[in-house]
Amino acid sequence: MKKEKDRGDFRLRKEISQKRYVISAISTFVVIFAVWTMLCASGSVRELFLPSPASVVMDIIDRAADGSLWVDMGYSIFRITMGFVISTLLGVPLGILAGSFRKMEAVIAPICEFIRYMPVPAFVPLVMVWCGIGEGAKITIVFLGCFFQVVLMIADDARSVSDDLLSSSYTLGTTRWTTITKVLIPAMAPKMMLTLRMMIGWGWTYLTVAELVASSSGLGYSILRAQRFLQTESIFSGILIIGILGLITDRLFALAIKKMFPWAE
Amino acid sequence: MTDKKPESHAAGSPLEAHVASSKILAEHIDKVYTSGKKSTKAIEDASIDIQDNDFVCVVGPSGCGKSTLLRMLAGLDFPTAGSIIVNDRKVTGPGPDRGMVFQTYTLFPWMTVEDNIKFGLKLKKMPKKEQQEIASRYLDIIKLKKFAKAYPKELSGGMKQRVAIARSLANQPEVLLMDEPFGALDPHTKANMQLLMREIWETEHPTVVFITHDIDEAVFLANKIYVMSARPGRIIKEVNVYLPHKRRLELKDTPEFIRIRKSINDLLYSANQEEA
């Protein structure tokens, strides 16, 4: 008989330790960073196309020191928060209705499906006509990007609660209303939080779109301004900062979900 | 969406005196499913009559409509023709007077075992102290006192079903409806659950309607068995099980047990032959 080959870490779906996972993840970052540094140090690429990592880091430090970074960040965080909160406050109840009653689904879901395929950037000119280029415009764009998706995904989350769970709550004495408040919503809550976590990720994209074309402040605008002055390192630092903020929000959500639902499988 | 028109209520108006002796009385039940132009008869002319404190099983092959029949008793589904009366009231929707245990796990995963058992009591706004007493008593009965503060995800399949039974019984329903509750359990756990269920019945005497396709299970648990055949679902026989009230697993090896099991088996086999 042929001897079984030991495939080590490359057996399908083999678990590895947390430590080795972290080391592997960090090494990817290190490798990319190293390649980047070497490309710049070799002098084969012009600084205008690819600024060195050092100059990008310096740019971030400079902007943090003169305070412009915090101002841009403040604007951006305010806008995404407002857009996200409004989408959530309106989208979650509508999604739950659509996921609970076929009639409501018929009223709500098809139109949302339709609108969500309209590209959000195409709405920017319209939003500028309606709302100018004030804060309202940026918040509206984040809202347009998130809201319709939230409704549909929350409706899916609501539908995923098993019929038997709802039936058993009826046989324990809930009414239609208390079935929704005491059983359906708590049962779908972990999935709902996952949906919102994904949504805020997309929110950053829509926010940047809005700030690139219809703004005179915020992180997206700082990227556009840097391009006008050919400050490539500032373009890099702007993108990087948005990435880092996105990562932080994502981690915060993940942590909150873990803390809120210790009972989830 | 308001609280004003709850779908779940005990029932409509009390009915005439002639039904007073039956706990559950279903007469000439038909259930037809229509999708487009096609209609399928799931249940045809089924009548059942169950006395207070009785333990009744309904057996039949899959697709015979036995689960549908149970769901109609619970008020989760409605007959196309015929009437269902539970505790002298016409069934018009689900309610806490008819507790139900499902084959799938239906514990509320965000609540501890204890809070699951108290769920119905909280809805009734029962005083906290009383809730605790009842929960403790049922935790004792299902032998899961140690798991009072555990979440369902920490329990095995059999434990989950024990809690589900306790959750229904704690609510003090008029009848306990069970839809193949042990169907997903391994044979050993299943046998222990049957024993526990019979013990509970011997001490608490709830009125139980228990659906299963396992003839062995039905004969062990029931005082009376309704045998159903498929397509359309009809009740072909009512079998009284004259076995001792106190039942232990050894009973399954006695000649009388085997005889009853065989007679039901034969009944289902010949019904199946006719259909084929």
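Residues numbered from 1 in each chain as written. Chains lettered and ligands numbered in written order. Predicted model: local features only at pLDDT ≥ 70, side-chain atom pairs only at ≥ 80, totals over all residues.

A few words now on the overall build of chain A. Along the backbone of chain A there are ten helices and zero strands. Taking 2.2 N^0.38 as the reference for a compact globule, 265 residues should give roughly 18 Å; the C-alpha atoms of chain A span a radius of gyration of 23 Å, well beyond that estimate. On the principal axes, the C-alpha backbone points of chain A span a range of 75 × 75 × 35 Å. Across the 265 residues of chain A, 34% fall into the buried class. Of the contacts formed within chain A by residues at least 6 apart in sequence, a portion of 73% connects residues at least 24 apart. (Helix = DSSP H or I, 4+ residues; strand = E, 2+ residues; numbered from the N terminus. Rg over C-alpha atoms; globule rule 2.2 N^0.38 Å. Buried ≥ 20, exposed ≤ 12 C-beta atoms within 10 Å, placed from the backbone. Contact = placed C-beta atoms within 7 Å.)

Our focus in this paragraph is the overall build of chain B. Per the secondary structure count, chain B includes seven helices and ten strands. At 19 Å, chain B has a C-alpha radius of gyration in line with the 19 Å of a compact globule built from 276 residues. Taking the principal axes of the C-alpha coordinates as reference, chain B spans close to 55 × 50 × 40 Å. Looking at chain B alone, contacts between residues at least 24 apart form 72% of all its contacts between residues at least 6 apart.

Of the strand pairs in this sheet, strand E9 (residues 224-229) of chain B and strand E10 (residues 234-240) of chain B are connected by six bridges, and their pairing is antiparallel. What sits directly across from Met228 of chain B, in E10 of chain B, is Ile235 of chain B. (Pairing = 2+ DSSP bridges.)

On to the packing of helix H6 (residues 135-159) of chain A against helix H8 (residues 176-213) of chain A, then. Residue and element names in this part refer to chain A. Interaxial distance between H6 and H8 falls to 8 Å at its minimum, and their mutual angle equals 155 degrees. Compared by their axis directions, H6 and H8 come out roughly antiparallel. Of the two elements, H6 crosses H8, and the hand of that crossing is right-handed. Split by residue class, the contact of H6 with H8 holds 17 nonpolar, four polar and four charged. (Axes fitted to C-alpha atoms, helices over the stretch in contact; angles between N-to-C directions. Parallel < 35°, antiparallel > 145°, perpendicular 65-115°, else oblique. Left-handed = near helix turned anticlockwise from the far one by under 90°. Nonpolar A, V, L, I, M, F, W, Y, C, P; charged D, E, K, R; others polar.)

The subject of this paragraph is the sheet that holds strand E7 (residues 175-179) of chain B. All names here are of chain B. Reading across from one edge, E6-E7-E8-E3-E9-E10 is the order of the six strands in this open sheet, with mixed pairing throughout. Each end of this open sheet is capped by a strand with a single partner; those strands are strand E6 (98-101) and E10. Taking each pair of neighbouring strands and ignoring which way they run, the sheet shows an average axis angle of 20 degrees.

Across the contact, 18 residues belong to chain A and 28 residues belong to chain B. Sorting the residues of the side of chain A that touches chain B by element identifies helix H7 (163-171) and H8 of chain A as the ones contributing at least two each. Among the elements that line the side of chain A that touches chain B, the one with the most residues is H7 of chain A, at six residues. Split by residue class, the side of chain A that touches chain B holds eight nonpolar, seven polar and three charged.

With that settled, consider the sheet that holds strand E5 (residues 89-90) of chain B. Residue and element names in this part refer to chain B. Ordered in space as E2-E1-E4-E5, the four strands form an open sheet in which the pairing is antiparallel. Only two strands of the sheet have a single neighbouring strand rather than two, namely strand E2 (38-51) and E5. As judged from the five bridges shared by strand E1 (residues 22-35) and strand E4 (residues 81-86), these two strands associate in the antiparallel manner. Paired with Asp30 across the bridge in E4 is Ala81.

Moving on to H7 of chain A. Regarding H7 of chain A, the residues found buried are Leu166, Ser167, Ser168, Ser169, Tyr170 and Thr171 of chain A. Buried positions along H7 of chain A lie against H8 of chain A together with helix H1 (66-74) and E6 of chain B. Phi turns positive, to about 115 degrees, at Gly173 of chain A, one or two residues after H7 of chain A.

Moving on to the nonpolar core. Formed by 119 residues in total, the largest nonpolar core has its most connected members in Ile141, Val142 and Val151 of chain A together with Leu73, Val209 and Ala222 of chain B. For this core, the element with the most residues is H6 of chain A, which contributes 16 residues. If we ignore the near neighbours within four places in the chain, the residues touching Val209 of chain B are Ile24, Ile50, Val56, Val58, Leu70, Leu73, Val175, Leu177 and Met178 of chain B. (Core = buried A, V, L, I, M, F, W, Y, C linked by C-beta atoms within 7 Å.)

Regions with low pLDDT should not have their predicted coordinates read in detail. Residues and elements named next belong to chain B. Mean pLDDT over chain B: 88, with 92% of residues reaching 70 or higher. The secondary structure element of chain B with the lowest average pLDDT is helix H7 (residues 255-275), at 87, and the one with the highest is strand E8 (residues 207-212), at 96. Counted against residues more than four places away or in other chains, residues 1-20, with its pLDDT under 50, gives 38 contacts. Note on the complex model: pTM 0.86, ipTM 0.87. (pLDDT = per-residue confidence, 0-100.)

We now examine helix H1 (residues 18-42) of chain A. Residue and element names in this part refer to chain A. The end-to-end C-alpha distance of H1, which contains 25 residues, comes to 36 Å, matching closely the 36 Å that a straight helix rising 1.5 Å per residue would cover. With zero of 25 residues buried, H1 lies mostly on the surface of the structure. Gly43 lies just past H1 and shows a positive phi near 75 degrees. (Expected span 1.5 Å × (residues − 1).)

Residues and elements named next belong to chain B. At their nearest, the axes of helix H3 (residues 128-141) and helix H4 (residues 157-170) sit 10 Å apart, and the two run at 140 degrees to each other. The orientation of H3 with respect to H4, classified from their angle, is oblique. The handedness of the crossing between H3 and H4 is right-handed. The residues of H4 that touch H3, namely those facing Ile134, Ala135, Tyr138, Leu139 and Ile141, are Ala166, Leu169 and Ala170. Counted by class, the contact of H3 with H4 contains eight nonpolar, no polar and no charged residues.

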